[in-house]
Amino acid sequence: MDDKSNKLLLALVMLFLFAVIVLQYVCPGTECQLLRLQAFASSHADPYRTEDESPPRFVARLNFTDAELLRKVDFNIKGDDLIVFLHIQKTGGTTFGRHLVRNIQLEQPCECKAGQKKCTCHRPGKRETWLFSRFSTGWSCGLHADWTELTNCVPSIVDSKKEVKLRPTSCCKSKKAHCVCRDPKGAYQRRGAKKRRNFYYITILRDPVSRYLSEWRHVQRGATWKASLHVCDGRSPTIEELPSCYTGDDWSGCSLKEFMDCPYNLANNRQVRMLSDLSLVGCYNLSVMPEEQRNKVLLDSAKENLKCMAFFGLTEFQRKTQYLFEKTFNMNFISPFTQYNNTRASSVEIDQQTQKRIEALNFLDMELYEYAKDLFLQRYQFTRQKDHQEARRKRQEQRKILQTRHAHNRDQTDNATADYGEDVEQWR
């Protein structure tokens, strides 16, 4: 029995050595070894799938064109291009905003001083910023400015280098000289400018129920965001148009029921409101059109603006968010994003009835999030497929180069052998 085992083992060893010799003959040198290592590395499990329980291949629900799925912009950090971060409350925007100023590999990194929230993010060799965000320029267009405010305010702020109190009316309605218009790659361009300046708007979204509960807990601790301007069509809303949910300095200590009972609570459908063009519905004047029509216009506008943005991420998919941002802007983060599943919202236990009521209060956000999640995962899958195709193309090119080299070396060997044979004949 032992002799048979030894003979079998010896046969396997001899077979392995024979395979190595054949492989070295077919593809000598270290190039093939590198190819084999690359193939082995590419066969490992996808590291971006470990953050969630989504299936290996996402099944799309909505139809998008390749142009809508592909997000790869030629961001000119040394020129006049600007990334504008639309920060929606309680979506994880603070964490993402810090990544933008502290965690990106840049030729000239942002300067962040200890004890200061804002960082200086200058373009290489210039004294102007490439990033418009809370942690770089502050709340220059107002606290948590929405899409309506930013698209009208940012061009004026950037061009004048100072804050203006009155913002111009909605650009794409008025067609004025300052108008900002989108191109297929997610850029908004300023009309009438001497130099072409691209504005790349980005944002982060979150599951509506979790976001709503997180905002309630934040308000319960004393947050108000009273400094928000809510400017639309050149003015802020009146008290009659936007009543307050509380009396006094803040709403600290409010119960979840009190939070849900206020009909003027801006936490309701906040993501749709902050991503839509409010000028289309008369801003905060609810008497302009019926509620059902207003909701449809807001939702359609939010979906369109989100789709046309250069980039958006989802709080529930941190690594995928990192990956898509890096691919979109050709910028790499230094440290990987971390998925935090234990949040203040996750610690709140609610019954099924309360869950349904929150979903009803945020029914527009619920529909927007389903749309955003479908588009986001399709973009991720589409971009990964493009990466795999490009890697396959490079491997094929490398194989062709190696085969050409091998054929060339074999021809040289054959020629040398033929020459040697001729010399032998002459010597005879």
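Residues numbered from 1 in each chain as written. Predicted model: local features only at pLDDT ≥ 70, side-chain atom pairs only at ≥ 80, totals over all residues. Heavy atoms only, no water.

Caption draft 1: Structural detail: the side chain of Glu 149. Relative to the helices and strands, Glu 149 resides in helix H5 (residues 147-160). Ignoring any residue separated from it by four or fewer positions in sequence, one finds Glu 149 in contact with Cys 141, His 144, Leu 229, His 230 and Val 231. (Helix = DSSP H or I, 4+ residues; strand = E, 2+ residues; numbered from the N terminus. Contact = heavy atoms within 4.5 Å.)

Caption draft 2: Region of the structure containing the pattern of salt bridges. Under the criterion given, the structure shown has 16 salt bridges. With a closest N to O distance of 3.3 Å, Glu 367 and Lys 303 form a salt bridge. Of this pair, Glu 367 sits in helix H13 (residues 363-427) while Lys 303 sits in helix H10 (residues 291-308); the two residues are 64 residues apart in sequence, bridging distant segments of the chain. In this structure, Lys 327 engages Asp 387 in a salt bridge whose closest nitrogen and oxygen atoms are separated by 3.3 Å. Placement of Lys 327 in helix H11 (residues 318-329) and of Asp 387 in helix H13 is noted, with a sequence separation of 60 residues between them. Judged by relative accessible area, Asp 387 falls into the partly exposed class, the value being 26%. Taken together, the shared-partner salt bridges in this structure form one network comprising Glu 68, Glu 304 and Lys 307. (Salt bridge = Lys/Arg side-chain N within 4 Å of Asp/Glu carboxyl O. Buried < 20%, exposed > 50% of the residue type's maximum accessible area, 1.4 Å probe, protein only.)

Caption draft 3: Main features of the packing of aromatic side chains. According to the stated counting rule, one finds 19 aromatic pairs in the structure shown. With a centroid separation of 5.9 Å and 80 degrees between ring planes, the pair formed by Phe 96 and Phe 325 is classed as edge-to-face. One end of the pair, Phe 96, is in helix H4 (residues 93-102); the other, Phe 325, is in helix H11, with 229 residues separating them in the sequence. Phe 325 carries the same exposure label as Phe 96, and that label is buried. Three or more aromatic residues link up through ring pairs in this structure, and these residues are Phe 75, Phe 85, Phe 96, Trp 130, Tyr 200, Phe 311, Phe 325, Phe 329, Phe 333 and Phe 337. (Phe/Tyr/Trp six-rings, centres within 6.5 Å; stacked < 30°, edge-to-face > 60°.)

Caption draft 4: Layout of the packing of helix H7 (residues 208-220) against helix H12 (residues 352-361). Two numbers describe how H7 lies on H12: the axes approach to 10 Å, and their chain directions differ by 95 degrees. Taken together, the axes of H7 and H12 are roughly perpendicular relative to one another. On H12, the residues touching Val 209, Tyr 212 and Leu 213 of H7 are Gln 355, Ile 358, Glu 359 and Leu 361. (Axes fitted to C-alpha atoms, helices over the stretch in contact; angles between N-to-C directions. Parallel < 35°, antiparallel > 145°, perpendicular 65-115°, else oblique.)

Caption draft 5: Focus on the side chain of Asn 295. Checked against the element boundaries, Asn 295 lands in helix H10. Residues contacting Asn 295, with those up to four places away along its chain left out, are Phe 363 and Leu 364.

Caption draft 6: Highlighting H7. For H7, which comprises 13 residues, the first-to-last C-alpha distance of 18 Å matches the rise-based estimate of 18 Å (1.5 Å per residue) to within 8%. Restricting attention to buried positions, one finds in H7 the residues Pro 208, Val 209, Arg 211, Tyr 212, Leu 213, Ser 214, Glu 215, Trp 216 and Val 219. Of the residues one or two after H7, Gly 222 is the one with positive phi, at around 115 degrees. (Expected span 1.5 Å × (residues − 1).)

Caption draft 7: Geometry of a nonpolar patch on the surface. There is a patch of nonpolar side chains on the surface, built from Leu 9, Leu 10, Val 13, Met 14, Phe 16 and Leu 17 and spanning about 610 Å² of accessible area. For Val 13, the location among the structural elements is in helix H1 (residues 2-26). Given the relative accessible area of 40%, Val 13 is considered partly exposed. (Patch = residues over 30% accessible without salt bridge, like charges linked within 9 Å, V, L, I, M, F, W, Y side chains within 5 Å. Areas by Shrake-Rupley, 256 points an atom, 1.4 Å probe, with all protein chains shown as cover.)

Caption draft 8: Region of the structure containing H4. Where H4 is concerned, the buried positions are Gly 93, Phe 96, Gly 97, His 99, Leu 100 and Val 101. At its buried positions, H4 is contacted by strand S1 (82-86), strand S2 (131-132), strand S5 (198-205), strand S6 (311-314) and H11.

Caption draft 9: Structural view of the pairing of S1. Counted residue by residue, S1 has 5 buried out of 5 residues, so it is predominantly covered. Covered by surrounding structure in S1 are Leu 82, Val 84 and Leu 86 together with Ile 83 and Phe 85, the residues of both alternating faces. Sheet topology places S1 next to S2; 2 bridges connect them, and they run parallel. By the bridge assignment, Ile 83 is partnered in S2 with Leu 131. Chirality of the crossover, the property in question, places the unit of S1, H4 and S2 among those that are right-handed. (Pairing = 2+ DSSP bridges. Right-handed = clockwise from strand over helix to strand, strands pointing away.)

It is worth stressing that arrangement in space is one thing and function is another; only the former is reported here.
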